Structure formats: C-alpha cells, structure tokens
Amino acid sequence: MKIFGYKPTLSAWVGIFIVTFFLVLAIFAPWIAPYGEAETVGRTFGRSSAEFWLGNDNIGRDILSRIIYGARTTIGVALVTTILSFTIGTIAGLMAVVGGPVIDQILSRFVDIMLSIPLLVFALIVLSMFGSSIPTLIMTIAILDSTRVFRLARAVSMNIAVLEYVEVAKLRGEGLWWVMRKEILPNALPPMISEFGLRFCFNFLFVAGLSFLGLGIQPPLADWGGMVRDSGKAISFGLPAPLWPAMAIALMTIGVNLIVDWILSINARPSGASAEM
Amino acid sequence: MTEHVLKINNLRVESVSGLVLVDNVSLELKKGEVLGLIGESGAGKSTIGLSAMSYARAGCRITGGEVLINGTDIRKQDAEGRRDMRGKRIAYIAQSAAASFNPSHTIMDQVCEMPIQHGLMSKDEARKWAIELFTSLGLPNPQTFGDRYPHQVSGGQLQRAMAAMAISCRPDILVFDEPTTALDVTTQIEVLALFKKVVKEYNTAALYITHDLAVVAQISDRIMVLRHGKMVELGTTEQILQQPKEAYTAALVSERKAADHIAEDVKVEHNEPLLEVKDVRASYGSFEVIKGVSIAVAKGETVAVVGESGSGKSSMARMITGLLARTSGTVTFKGKELAPNYKHRSREDLQRIQLIYQLPDVALNPRQTIGEIIGRPAQFYFGMSPAKTKERVAELLTQVGLPVDYAGRLSTALSGGQKQRIAIARALAANPELIICDEPTSALDQLVADEILKLLKKLQDELGLSYLFITHDLGIVRRIAHRTAVMLRGEIIAQGPTAQIFNPPFHPYTENLLASVPEMRTDWLTDVLAKRQQKTA
Amino acid sequence: MFRLLITRVVLGLLTLFAISILIFAATEMLPGDVASAVLGQGATPETLAAFRLELGLDRPAYIRYLEWFTGVLQGDLGVSLTNKRDILESIAPRFGNTMFLAGFAALIAVPVSVGLGILAAINEGKWIDRVANIVSLATISVPEFFIAYVLILYFAVKHRWFPSLATVFPDMAFSTKLYVTALPAITLTLLVTAHMLRMTRSSVLAIMSQPYIEMAFLKGLPRARVIMRHALPNAAAPIIAVIALNLAYLIVGVVVIEVVFVYPGMGQYMVDGVTKRDLPVVQACGLVFASAFIILNTIADILGILVNPRLRKRNTGH
C-alpha cells in the first residue's frame, strides 16, 4: 500500500497504527468507554481487575474509561492548538517575506524576543493572569508556538521567494496575493508537513505538562496529564496508576514521531558518512 | 604487466537504487600519459575518476571490475591498503578548490598532511617541499603563502594550491575532475598551462575529466568519449578531433568547432531602434555594478553582452527589466522611457520585454502544470478564456518543439533542455518584442545547448524578435550575435558588429579574452603561451 | 571580530531589557486589573480599592515599570502578595538548588550525548546509530513525568536504592545532596541527552557531506584522522550551539521534574506562584529564568564566533 506515492516503512506503519488507534478512541469515546468520564465507580486506587482493567484513580474513577475520554480532550486541544499556531505562523511568515522589509523586521524582531525566553516561562506568566480555561490554554499555546512556525515558514518562503519563477511572476505584474497563494505557498507547504507533526508532539507534551502541573485542562474533564497528577501519589505505594496515562501520552507522541521520521527520510539525501571508503 | 600504471577492467558502478552509472568501462594508462574522459552530464566520467581510487560517493556502489594500480587491484585491498595507495600513488584534484579545502586549517597544514601522514617526510621536510612546490607553481610569496587560510586566497590560487597538494607525494597518477570548470577563461588558461607543466615535469599519468573538448585537446594524449555510463569511442586526441568514428563524437566535435567561427547569417544590419540604454548607472547598496553604460538593440537583432564573472553583465539584464533600479541615465523602449523600477511599469511595458534564465530548474514553478505555466501570461495580459488559453498553449508547445500533451504534466520530470523550451514558450506567450536571455544555455549540455540556440534563431526569423543575450561564452556570441558588447567591471569597453569585435584591431582586454578561449586544435595552448612569452620578452 | 563580540553582548542586554518590558506588560493586559484578578469575585469594592493602593495601581504603568525595573537592578524583586515575604530571599536558595540540579545533570549529559552523537554520526546506518536513534526518539517522545515515575517505581519503591522525594537542606553534606538528587538528575539527563544526541548527530552529518571531507578520504587519511582533524573542528560551532540550547532547556525542563520530586527549586516556586496568582513572584521567576536563558545563548554565540576560523582570522581575500 502506498501513501502520497510512497511505501511506508515498518516503523511508519507502527506509527500510523498507533495514531489511528488513539483517534478512533477519541472520536468514539462514549461508545467504547465502559464507565462514565467523571463517575466514581470503585475504591480509591483500586488495583486492576476484570471489572476495572487498569484499576481506579484517587477518587475511584475507572482509569481505562478516563484514558479513553482523555484522548478526546488531550489530543483535541493539542490538535486545535497546532492547527491554529500553524495558520498564524504560516500567514505571518509569508507576510514577512512578501510584505517588504519593514513588516519583516517588525515581525522578526518581535519573534526573536519571544523566542529568547523559554515558552514554558511565558505560558506560566500568561496563565497566572488569565487562569486556565481551555480557550485561554489553546490561544496562549497557539500564539507562543506560532513564533516557531513563523521562523520556519519565513525561512522556507524566503528561499522560494528568491527563485526565478517567483521573479517571473512579479515581472509579469502579478499582485502580492497571487504570488503568495500560487507561487510560494504550494511550494512552501510540503517541507512543512513534517514540522506539523513535530509541532503537534511539542504542543501535545506541553499541554500534558501544564495539566500535570495543575495549570492546564481542569477537572472534572479527563485529560492524560491531569490524570498523572491525580494519581501521582499512588506511585509510592508501588501502584502503576499514574503510569497508564503517562504511557498513553508517550505512545501517542512516539506514533506521531515515527510517521514524521518516515516523512523526513523520504526527502533525506545520503550523507558523506555512508560513502564507500 | 606493470607497464600500465593504471588499468581499469570492466568497471561497473551502480546507484543504491539499482541504476547503472558506469557500465563495463575499461581503460589503461601508461606512465606520463594523459587520458581525457569527455562526456555530457550523466556520462559517468566523474564516477570513473573516483572509482580509480576505489571511492564511491554516498548512494553509489562499485559492483564489478578491477582497478589495477601498478598491477595491484586497489579494490581487493583492505581499508589500510586502499588508504596507503590513495594520495600516495593516485591523487585527486577536484572541481571546486574552495569547497575541497578545509576552512579550519591553513593551506600549509593541508598540503603537508599527505606526505607526513603517509610517512614519506618529516614535518620540516614536508614544509620545505611545500614551499618548493608553491614556488614552482607560481604562487605569490611562496614562503608565507601556506600560512593563510583557504578563504584568504583567490580561486585560481587555491586551484594551484590543490595541485600542489595532489603532487605532494609524487603520485604516479593524477585524477583531474573538471578542475578548471569553475574558473573564468582568463584564469583557466594559466591553471591549464600549469597542469600541463606538472604532468610533464613529474612524468605523472593522468585522467583528465571535462565536458569541454577544446580543453581536453590541449592536455591529453588520448581521449575517451563517454555517454550514459558507456564508452562511445576511444582514440588519440588527433584522431578524435580530426576523424571521429562514431556519430555522437562527430556531433560533439562539429558543434564545438562551429563556435570557433563567426556565423554568416549574423552579418546583417538592423536599423529600426527598439531598446535604447543611455549612460545608465546602477548599484547594489553602495557598490556600483553598472558604471555609465550605453547600448541599443534594434528590431530583429541579437545583441550579445559578454564578460567574465563580476563584469556586471547579469546586472544589466536586471537593470533593463527593472529588477535593479537604475540610479541615473535613461532606458527607452520604442522611444518611450521605462520606469527604473518594474513595479512602476505598465502591464504593456512589462509584457513587451520578457526574460529567460540560466537555470531552467528554478525558473519553472514545480507545483504548476506546464499548461498553467505557459497559459498564465496569455490569460494575464490578453484575458484569454480557458478554451482559448488551451489552444494558445498547444500552439506555443508546437512552436518550441514539444508534444502538445505536455500541457497536463508537471515540469519536474522533464530534462534541462525541455525545461528551457518551456521557459521560452512562457516568454513567447506574452507576445514580447524583446527577450533578454541571461546565459540560457550555460547550464545545459553542449548538444542540448545547441538545439536551444537553433530554436532561438528560428523563433527570431519567424517572429522578428530581438534578443539581448548575456553570456560568458564567446563561441555562442560568434554564432548568434549581430552585434556584441564586451563588459569589464561594470563598463562596456568595446561594442560593435560581431565581426568587427572579433577581428583586429582589438581592445587589449578583448584580445586577452579571445586568446583565452581554448580552440579545437591540440597545439593551441602551446601557441598562446609562446605568443605571451614573446610579448613579455 | 572584537566588534562582533561587543555587538552580540549588547544585543543580549537589549533582549533582556525587551523581555523585562514584555513580562511587565503582560500583567497589564489583564481584563480589569491585577487587584480584581487576585482577589477574585468575592472582593468588595473597598478591599479592592485598598489593594489597588497597596499595589500602586493608581499611578501610570510606565512609572510602575521604571520603579520595578530599577528595583530589579538593585536586587529588589519586590514582595510576595500571598505571604508578604521578600521575593529575593525566597528565590536565592531555590535558584541555587535549581542550578545545582541542572549542573549535576549537565555534567553527565554533555559529554555522554556529544560523544554518542558523534559516534552515531560517523557510524551512520550501522547498528550503534540505529540503536541511538530509536532510544533517543523514544526518550524525547515521552513526557518528563513518565520517565520520572518509572524511575521512582523501580529505583525508589521496588528496590529502595534512592529516595523518591528529593528533599534538600542548605546545610546538607555535598555527598548526601548528590545521593538525594540522583533520581531527578538522571531523569533530566536522559531527557537532555536524547535531544542533544540527535542534534549533535545531525550537525556532524552535515559536516560529513562536505567536499573537503571527501577530499580528506581521497588523500588516504585514516578515518579517525579525517573525523578528529577535518570534521570535528568544523562541527564545533554547531555543537556548541546545540549544547547551549539544551542547557537552557535543562533549566526550564527542571520545572516539571521539581514538581514530581518535590524538590525545593525555582520551578516549584514559580508554579506555586501561578497557582496562587502571586504576580510579583511569577514576574520575578520569569525574569530570572529568561535571564539565565539569554545569558546561556549569548555565551554560546560568543563561543561560536570564537571557534569560527573565518571570523577569527581577518579576512584578506575577496
């Protein structure tokens, strides 16, 4: 089987399987989950049993059901954030390239400053003021993350904008909008596909991290980072409760990374180190 | 048995994906003999050169054959044995010296490295020997030259330093891989003379890889013609140049010879003025690239602008199109002045002057179909309906000699020559009166380039087009230009009908330039050097 | 070149200044104002007004910024809103703890990852490269707390080799401190090593495909010499950049780890501040983190300039 005209490698198939699996969980959560999202159905930190496959959490909710519901919020929030950050970043990046040196300077310097401090620090400052609701969370991370997308989009488009075919279009008298949409964008997007995967992983881990700190998605909504926080204490009793959601996070990122790795390898050239010597 | 210093038997090189790059090539080299490997891109000539050192670039594998150096098969050696032969018995001179020298070490360190590492000399001996080599290769201040870093010396000097590095172990064989291609003609001649001297003085055998028959004719005893990884013909240099046996060789030779003479049909005068450039100056930042230039192009005429790199000839093209705004002077088209910046020109002004670029790969948008690329100007300037555009695209494709069904394809799968035809069709789609050609053939193989030149000529006859042809290749100028302007450091130092420019009395620079272009005879280099000696004496 | 260095330092200072404005301005973007945000909906107009006066909110923003900034320059980070303690006094020991943990991890991570990265690059495609690739990919894919909990479960709960909580005191013996912080340090090391290894590998690979490396092989030089003498000197600048980036990441990555191991560092302090909406604390922590980040990056750039032969030697060509 081929995807985009290329045959996925074994590891790419593993990645595709994992991602599809979690997406199905997320979409059909209410039909798949054995119990409700916020339902207390068992004992505190109940061990895994035939009834509760992965055991219960700190207030007796079914961990499996919460993981299934958590797929919705965690993946959903990260996905929306990434799409938003990509849209903002790409448009700004293109604007910087075709909009002339003044716009470029303003945007680039602003992004430089934003990038000169760690994203987490910035996010913490913003969240300390606005509090954490899902829209705030998405907006904050999307805007912060778009600075990284901006950098890439600008660099990629800059390389394209100096090519002769763009010059031809400009010399023909085409408007900025046409040049951006028809000449630059179609050529800028393919190299950014893998970046989308990487940004998703980053945002996904970032949301999970914030939730783990208690500053992300708030209970009673189930989300994987928050679940780790809820059951964190169980670890000192030797119970694996916090490991299940943590493992779900890990699996999802590994899955996306495997796909990204495959996409990157399609375009990779062999380096000098593999020459016959 | 050991009469041949290098003997390659049935060499086969494949890419990792299974493509055959070199197919069953055999050659032999006696002591002091130079074999020229000639061919167009993809002929496998560089791959053979590297295989002679049992080296395959990433993505390639040597899959068959023997490479005997002084009777020992280097391919059968272990890593240690191969290493011992490389550099010591067989050394390599690459196309780009700038990229082949390590930026982190001095030239001296890199030249001395080989004899020291191969255990031939002590550090002091190697240093002395390197200075000796620098002296004999005519490098300035040989005592201190080696203390500089690669980025601190010029391209021609670096190429000579690479020659010094290659012969530092007194190898039996030198592999020259297009060593003068990146140089300007006037530099090329010096470096070429030097290589000839080195080969003679040290009695070294050499493989000389190039795409230019005239260059290889100066230095080789025998020539091997390659195509698609296979040998086409092997013979003495005289025989290949005078009586090529194979049709392919004959085509290469006759095309190259045509460049030595001024074509008859360019000796026509044109008088109806089209483009007039008067006293124009232009600069990049504070650096002035065009310093008061005047030039005119008449209807139906081809005017060539020749010069070496940095002469400002490409800036001329950009200035006329308005990509580089002039700071003073006037540019008029059919008597009407053109705005300095293309952004301020009318659609009509833009439509009348079209541009063709050097690299067809980047001149065509890889995400648009050929139909979209060619059709857009027709739509944009003349508001053609989709059906009308389709008709026009088909007409243009036929005009540039491509099948009509290419319209639905992407340009990425086409060859360089075909891409350049598409670029020409796109220019034609605007119904221009003047086409500025910026080195449109210099990225193409010789025979393909020739086809493009013929196409441009045909279109000129049919449509009455004018061309402003920017090039560094005097051969092309002789074949197509009615008038010629020679540029040097941003100024036009000579201009007039091509026949006049190419015949005495010359401007001294033009003479030097003309004298530096290799001609298709084996004694050309010796002649030129002898003449120069006379002059200085 | 000297000018280049000065420019870089000045640029670093300017960035720091811009960041301080940004951090201060962020608190001004609040809907309503800080007072109502902190006190919440239950606050009466009187308490709000009193609180505003206490915060000095009645004066224009730029004056408050100047006061805050000059205060910071004199080492006065203000007073916490919640417990009224001097922030600098609370931060100083915590900052020390954070630096201790980050330094501990860096000491292990930098040599290991740079070594392994180079090793993987020069053995591209061989088993060591593949193993390094898979393991590092898995590690960077995994959230920090996952590694932390696995380590706790195995080393602290199952085997009781290390404590699961990294509690440190100012007068603790150095060796005890090392022992107590072993697990968080290992977690951090694993994380950073994976990132650094991958980045080192790709920078070395980029160098390995340069023509001068091919030339070195064609000169018949031994592989080890080609790598040590021809590849690494040119890889130094990119590797330094990689190290700096990851050290900066270490300082921030510490936040989550500190929470997991209940380690009394800056990260925890800042997270506490955020939860309690203690703005001066958050501002101060943000500024300290940002400064550390910018200083590291500036140092990396300066080192990068120093090891670049093109910039080190005056250019006489061209």
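Predicted model only: the values in this text are computed from it and were never measured. (Residues numbered from 1 in each chain as written. Chains lettered and ligands numbered in written order. Predicted model: local features only at pLDDT ≥ 70, side-chain atom pairs only at ≥ 80, totals over all residues. Heavy atoms only, no water.)

## Points about the overall build of chain A
Here's step 1: Along chain A, the regular secondary structure elements total 10 helices and 0 strands.
Here's step 2: Counting from the amino terminus, helix and strand elements in chain A follow one another as α-α-α-α-α-α-α-α-α-α.
Here's step 3: Principal-axis analysis of the C-alpha atoms places the extent of chain A at approximately 75 × 50 × 40 Å.
Here's step 4: Partitioning the intrachain contacts of chain A with sequence separation of at least 6 by distance along the chain shows that 69% fall at a separation of at least 24.
Here's step 5: The distance from the centre of the 19 positive side-chain charges to the centre of the 17 negative ones in chain A is 1 Å. (Helix = DSSP H or I, 4+ residues; strand = E, 2+ residues; numbered from the N terminus. Contact = heavy atoms within 4.5 Å. Lys, Arg positive; Asp, Glu negative; His and termini not counted. Charge placed at Lys NZ, Arg CZ, Asp CG, Glu CD.)

## Some remarks on the UniProt feature "transmembrane region" (unreviewed entry) in chain A
Here's step 1: In the numbering used here, UniProt assigns the feature "transmembrane region" (unreviewed entry) to residues 12–33, 75–99, 119–144, 200–221 and 241–264 of chain A.
Here's step 2: Taken end to end, residues 75–99 of chain A has its terminal C-alpha atoms 35 Å apart, with 96% of it in helix and 0% in strand. (UniProt positions renumbered as here; feature names shortened; annotations may be inferred.)

## Let's talk about unusual backbone geometry
Residues and elements named next belong to chain B.
Here's step 1: Despite not being glycine, S54 has its phi angle at roughly 60 degrees, a positive value.
Here's step 2: Mapping S54 onto the fold places it in the loop between α1 (45–51) and β4 (60–69).
Here's step 3: Classification of S54 as buried rests on a relative accessible area of 1%.
Here's step 4: One non-glycine residue with positive phi stands out, namely D279, at about 45 degrees.
Here's step 5: Among the secondary structure elements, D279 is positioned in strand β11 (residues 273–284). (Buried < 20%, exposed > 50% of the residue type's maximum accessible area, 1.4 Å probe, protein only.)

## Details of the sheet that holds β4(B)
Residue and element names in this part refer to chain B.
Here's step 1: What the 4 strands build is an open sheet, ordered β2-β1-β4-β5; its pairing is antiparallel. Single-partner strands in this sheet number two, and they are β2 (20–30) and β5 (72–73).
Here's step 2: Sheet topology places strand β1 (residues 4–15) next to β2; 8 bridges connect them, and they run antiparallel. Its bridge partner being in β2, E14 is matched across the sheet by V20. (Pairing = 2+ DSSP bridges.)

## Some points on the interface of chain C and chain B
Here's step 1: Facing 25 residues of chain C, the contacting portion of chain B comprises 26 residues.
Here's step 2: Of the roughly 2,500 Å² buried between chain C and chain B, counting both surfaces, carbon and sulfur atoms make up 55%.
Here's step 3: Here chain C and chain B share 4 salt bridges between them.
Here's step 4: In this structure, the salt-bridge partner of E113(B) is K219(C), at a minimum N-O distance of 3.0 Å.
Here's step 5: Taken together, the connections running from chain C to chain B amount to 11 residue pairs in polar contact (both at pLDDT 80 or more). (Buried area = accessible area lost by both parts, 1.4 Å probe. Salt bridge = Lys/Arg side-chain N within 4 Å of Asp/Glu carboxyl O. Polar contact = N/O pair within 3.5 Å; in protein donor to acceptor, adjacent residues only side chain to side chain.)

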